[in-house]
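# Chain and residue survey
Listed below, chain by chain, are the residues.
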Amino acid sequence: MSVTYYRYPISLLLATVSSTALAHSVHVSGNAFMSGLGHPVLGLDHLLAMVAVGLVSTVMGSRAIWQVPLAFVVAMVAGGLLGGYNIELPGVEIGITASVIALGAVLAIGRTVSFPLTLTFVALFGVMHGHAHGAEMPELAEPFLYGLGFISGTIGLHLLGVSLGLLSTHIPRGAELLRVAGLAGFGVGVYLFGHLFA
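For every chain, the first residue of the written sequence is number 1, and numbering continues from 1 along that sequence. Where local features are concerned, this predicted model is filtered to residues with pLDDT of at least 70; where side-chain atom pairs are given and counted, the filter is 80 or more; whole-chain, interface and lining totals use all residues. Think of the side-chain values as coming from all heavy atoms in the structure, minus any hydrogens and water.

### Overview of the overall build of the protein chain
- Helical segments are the DSSP runs of H or I of at least four residues, strand segments are the runs of E of at least two, and each set is numbered from the N terminus. The helix and strand tally for the protein chain stands at eight helices and zero strands.
- What you see in the protein chain, going N to C, is helices and strands ordered as α-α-α-α-α-α-α-α.
- Relative accessibility thresholds used throughout: buried, under 20% of the residue-type maximum; exposed, over 50%; partly exposed, between the two (1.4 Å probe, protein chains only). Burial status across the protein chain gives 43% buried among its 198 residues.
- We call two residues in contact whenever any of their non-hydrogen atoms come within 4.5 Å of each other. Partitioning the contacts of the protein chain with sequence separation of at least 6, the portion at a separation of at least 24 is 80%.
- Element-wise, carbon and sulfur atoms account for 72% of the exposed surface of the protein chain, whose accessible area totals about 10000 Å². A 1.4 Å probe and the Shrake-Rupley method give the accessible areas. Residues count as covered only by the protein chains that appear here.

Next comes the structure, spelled out in C-alpha cells:
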C-alpha cells in the first residue's frame, strides 16, 4: 500500500513501530528514491543494525571508523543485486535479526572483536540486509533510484552511529551510555528474533 508520508505524519510513526517493523515493504507513492530511503530508515531491525555498525566502528577506532561501515555498504549492494535478481538466500530474516543481536552484544560487552572477524561478520550482515532491500526492486519502475535511496539511507545511519560514537568520547560516562545502548539493542534483537517464530 502506498502512503504519502509527508501528508500523514501519524502514518510515518506507525510505519516505524508497527509489527516491530519486521515488514520490509516501504513504498512512498511515485518516488522510488524515497521508497528506497525509507526501507532502512523505517525498518526497526535495519535501523538498529546500521546505527550499531557506526557505533561499533568508533569503539574499534582508527581505520575501522570508515572501513567497517564501508564493508557493510559494499556487501549490502551485492546482497541487493542478489535480491533484485530474485536469487534466494537462506535465512535472510534470521540473519538480519542476528545482526541486531550480535552488534548490540558487542556494544554491551564493551570489548572490541578482532578487526578481520568484525569485517567478516559485518559484511555477512550487509549481504542479508541488502538482499531484503533488493527483493523490493523488481516491483518498482525505477530500481536504480530505489537502490540509490537505500544506499543513501544506510550511509546516513552509519554516519549517525559514527557521530554518536565519537560524541560519547567527549561526554561524561559516554562509554557506559554506549553499553546501555548496546544492551537495549540486544534486547530488541532478541524480541524480534522471538517474533520471527511467533
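Back to the write-up after that little detour.
### Quick notes on the packing of helix H3 (residues 44-60) against helix H8 (residues 174-196)
- In this analysis an axis means a line fitted to C-alpha atoms, helices contributing only their contacting stretch, and an angle means the value between N-to-C directions, from 0 to 180 degrees. For the pair H3 and H8, interaxial distance at closest approach is 11 Å and the crossing angle is 150 degrees. As for how H3 packs across H8, the hand of that crossing is left-handed. Counted together, Leu44, Asp45, Leu48, Leu55 and Val59 of H3 and Leu178, Val188 and Leu192 of H8 form the full contact between these two elements. Crossing handedness follows the turn of the near helix against the far one: under a right angle anticlockwise gives a left-handed crossing, and clockwise gives a right-handed one.

### Observations concerning the packing of H3 against helix H5 (residues 92-109)
- Two elements in contact, H3 and H5, have axes separated by 9 Å at closest approach and are oriented at 35 degrees. Viewed along their axes, H3 and H5 form a crossing whose handedness is left-handed. Judged by residue contacts, Asp45, His46, Leu48, Ala49, Ala52, Val53, Leu55, Val56 and Val59 of H3 engage Glu93, Ile96, Ser99, Val100, Leu103, Val106 and Leu107 from H5.
- Residue classes in the contact of H3 with H5 are distributed as twelve nonpolar, two polar and two charged. The residue classification treats Ala, Val, Leu, Ile, Met, Phe, Trp, Tyr, Cys and Pro as nonpolar and Asp, Glu, Lys and Arg as charged. All others, Gly included, are polar.

### Here we look at unusual backbone geometry
- The residue Asn86 is not glycine, and still its phi comes out positive at about 60 degrees.
- Within the secondary structure, Asn86 sits in the loop between helix H4 (64-84) and H5.
- At Arg173, a position not held by glycine, the phi torsion is positive, near 60 degrees.
- Structurally, Arg173 is set in the loop between helix H7 (143-168) and H8.

### As for the packing of aromatic side chains
- Working definition: rings of Phe, Tyr and Trp (its six-membered ring) pair if their centres are within 6.5 Å, and the pair is stacked with planes under 30 degrees apart, edge-to-face with planes over 60 apart, and tilted otherwise. According to the stated counting rule, one finds three aromatic pairs in the structure shown.
- Between Phe121 and Phe125, the aromatic rings sit 6.2 Å apart at their centres with planes inclined by 45 degrees, giving tilted as the arrangement. Of this pair, Phe121 and Phe125 are both found in helix H6 (residues 115-134), four residues apart, which corresponds to roughly one turn of the helix.
- For Phe121, a relative accessible area of 41% corresponds to the partly exposed category.

### Things to note about the environment of Ala184
- Tracing the backbone through its elements, the reader meets Ala184 in helix H8.
- What makes Ala184 partly exposed here is its relative accessible area of 45%.
- A sequence separation of 80 residues divides Ala184 from Gly104, and the C-alpha atoms of the two residues are 7.3 Å apart.

From the geometry alone we can't say anything about function, so treat these as descriptive.
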